[in-house]
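Commentary on secondary and tertiary structure
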Amino acid sequence: MIWFLLLGVVVFWYLVVVRMLRKYQPNPKITSTSKICSSPDCIRCCDYLKTVYSCEVASKLKKMYGKYESVVIYKIEQRLTFDTSSLPAIRRPNVCYLRDMCSDAWHSKKQKYIQDIILDSYRTIKTEVSSIVFLDDNWCVESGNNGSWKKFFLYNQGKKIEKNCKEMPKTTHLIENLDTFMKGVVFGNAFISILEPKSVIAPHCGPTNLRVRCHIGLQIPEGDCNITVNDKTETWSQKECLLFDDSFLHSAHNNAPDSRIVLIVDLWHPNLTLTEIKVMQELFAVKETDMDFS
């Protein structure tokens, strides 16, 4: 009889331990194979930015009085916050937020001159992309139960990825000459994005509302392949641009049989004045010691 009791106790605790292990096991849906995502200094990690950049912003702004119009600096001091916890979930950037900005999530009908510049070089971009899709070492890959998402960075968090830019020199030159590209700023990225078939990018908010993200359709499969921003769903099209404020909750999925390929470029938000952009460039300039992705 005692052996049955002991066996029952052992089985009970075994089930308890197994249940606890399953409860605290990391979510397997997103498994990053990118060295960028594992970096403790990654600017996408809000803790890193809030403990480094946020501590410097106040003192930097104080020093800008006299260099820029005082009213501009004062308004930025009042509007810029790193505490986004009280913002609605539909628009809660994970790093910083500038109050009183445009509430539009979609901007595809704006900045037409930028879209025209990009699309004028569409064929050149596609030609260079076709030469890098089979490179193995230059891609950052996130994969798991939700599929696979590959990124070929020309600029990653404001820093130029020299070895990749050499593979796409004409596209790099085009991007660098866009007057609203967030060059040298931690929120500025430019990369080729491949969303593989049967893949999903879960809903998330970007780091800030200081930018507008531009998607240029390069290879768009037929079928169920869409992007949703602020509960509005759009479909990519080849040789067309989609612009949106990625501080809003957004997601993407590709249930089509072929890969979706777009060029993504981060642009300064059109509601920012030239002076405000200059101030933000100083506040969020890439630090030399931040990251080394080359």
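Let us look at the structure shown here. (Residues numbered from 1 in each chain as written. Predicted model: local features only at pLDDT ≥ 70, side-chain atom pairs only at ≥ 80, totals over all residues. Heavy atoms only, no water.)

**Topic: unusual backbone geometry**
Trans is the common state for peptide bonds, and a negative phi is the common state for residues other than glycine. Worth spelling out the cut-off: Secondary structure elements follow DSSP: runs of H or I no shorter than four residues count as helices, runs of E no shorter than two count as strands, and numbering proceeds from the N terminus. Relative accessible area decides the class of each residue, using a 1.4 Å probe on protein chains only: under 20% of the type maximum gives buried, over 50% gives exposed, and in between gives partly exposed.
Backbone geometry places Gln157, a non-glycine residue, at a positive phi of 55°. Among the secondary structure elements, Gln157 is positioned in the loop between β5 (147-156) and β6 (159-160). By relative accessible area, which is 1% here, Gln157 ends up buried.

**Remarks on the environment of Lys159**
Summarising the element assignment, Lys159 is placed in strand β6. Assessed through its relative accessible area of 24%, Lys159 is described here as partly exposed. Sequence separation between Lys159 and Val286 is 127 residues, and the spatial gap between their C-alpha atoms is 6.9 Å.

**Overview of the pattern of salt bridges**
Put simply, the rule reads: What makes a salt bridge here is a side-chain nitrogen of Lys or Arg within 4 Å of a carboxyl oxygen of Asp or Glu, nothing more.
This structure, assessed with the given rule, holds 13 salt bridges. With its nearest N and O atoms 3.7 Å apart, the salt bridge here joins Lys60 to Glu56. Here Lys60 and its partner Glu56 are both found in helix α2 (residues 46-63), four residues apart, which amounts to about one turn of the helix. Classification of Lys60 as partly exposed rests on a relative accessible area of 24%. Across the pair Lys151 and Glu142 runs a salt bridge, and its minimum N-O distance is 2.6 Å. The two residues Lys151 and Glu142 agree in class, both being buried. A network of salt bridges, in which partner residues are shared, links Arg211, Arg213, Asp246 and Asp266.

**Notes on the packing of aromatic side chains**
Test applied: Any Phe, Tyr or Trp ring, taking Trp's six-membered ring, that has another such ring centre within 6.5 Å forms a pair; planes under 30 degrees apart are called stacked, those over 60 apart edge-to-face, and the others tilted. Only Lys NZ and Arg CZ are tested; either one counts as a charge over a ring when it is within 6 Å of the ring centre and within 35 degrees of the ring normal.
Overall, the coordinates contain six aromatic pairs when judged by the stated rule. Ring centres of Tyr155 and Phe181 lie 5.2 Å apart, and the angle between their planes is 75°; on these two criteria the pair is classed as edge-to-face. With a gap of 26 residues between them, Tyr155 in strand β5 and Phe181 in the loop between α7 (169-176) and β7 (190-195) connect regions that are remote in the sequence. Judged by its relative accessible area of 4%, Tyr155 is buried. When the centroid spacing of 5.0 Å and the interplanar angle of 55° are considered together, the rings of Phe187 and Phe284 count as tilted. Taken together, the residues span a long stretch of sequence, with Phe187 in the loop between α7 and β7 and Phe284 in the segment after α8 (274-283) at a distance of 97 residues. Among the aromatic residues, those joined into a cluster by ring pairs are Phe82, Phe187 and Phe284. Lying over the aromatic face of Trp139, Lys150 brings its terminal NZ or CZ to 5.0 Å of the ring centre. Above the ring of Trp236, the side-chain terminus of Arg260 is found at 4.7 Å from the ring centroid.

**Remarks on the packing of helix α3 (residues 70-79) against α8**
Condition: Axes here mean lines fitted to C-alpha atoms, for a helix over just the part in contact, with angles spanning 0 to 180 degrees between N-to-C directions. Each helix crossing is assigned a hand: it is left-handed if the near helix lies turned anticlockwise from the far helix by less than a right angle, otherwise right-handed if that turn is clockwise. Only heavy atoms enter the contact rule, under which two residues are in contact if any of them lie within 4.5 Å. For this classification, the nonpolar set comprises Ala, Val, Leu, Ile, Met, Phe, Trp, Tyr, Cys and Pro, the charged set comprises Asp, Glu, Lys and Arg, and every other residue, Gly included, is treated as polar.
At a closest axis distance of 11 Å, the pairing of α3 and α8 adopts a crossing angle of 60°. In this structure, α3 meets α8 at a crossing whose hand is right-handed. Contact with α3, carried on its side by Val72, Ile73, Ile76 and Arg79, involves Thr275, Glu276, Val279 and Met280 of α8 and no other residues of that element. A per-class count over the contact of α3 with α8 returns five nonpolar, one polar and two charged.

**What to know about the sheet that holds strand β8 (residues 199-204)**
Defined as follows: In this analysis, strands are considered paired if DSSP registers two or more bridges between them.
In spatial order, the strands read β8-β13-β10-β11; together these four strands make up an open sheet with antiparallel pairing. Two strands lie at the open edges of the sheet, namely β8 and β11 (232-234), each paired on one side alone. Neighbouring strand axes in the sheet, compared pairwise and without regard to direction, differ in orientation by 15° on average. Pairing of β8 with strand β13 (residues 250-254), which is carried by four bridges, proceeds in the antiparallel orientation. By the bridge assignment for β13, His204 is matched with His250.

By themselves these figures say nothing about function.
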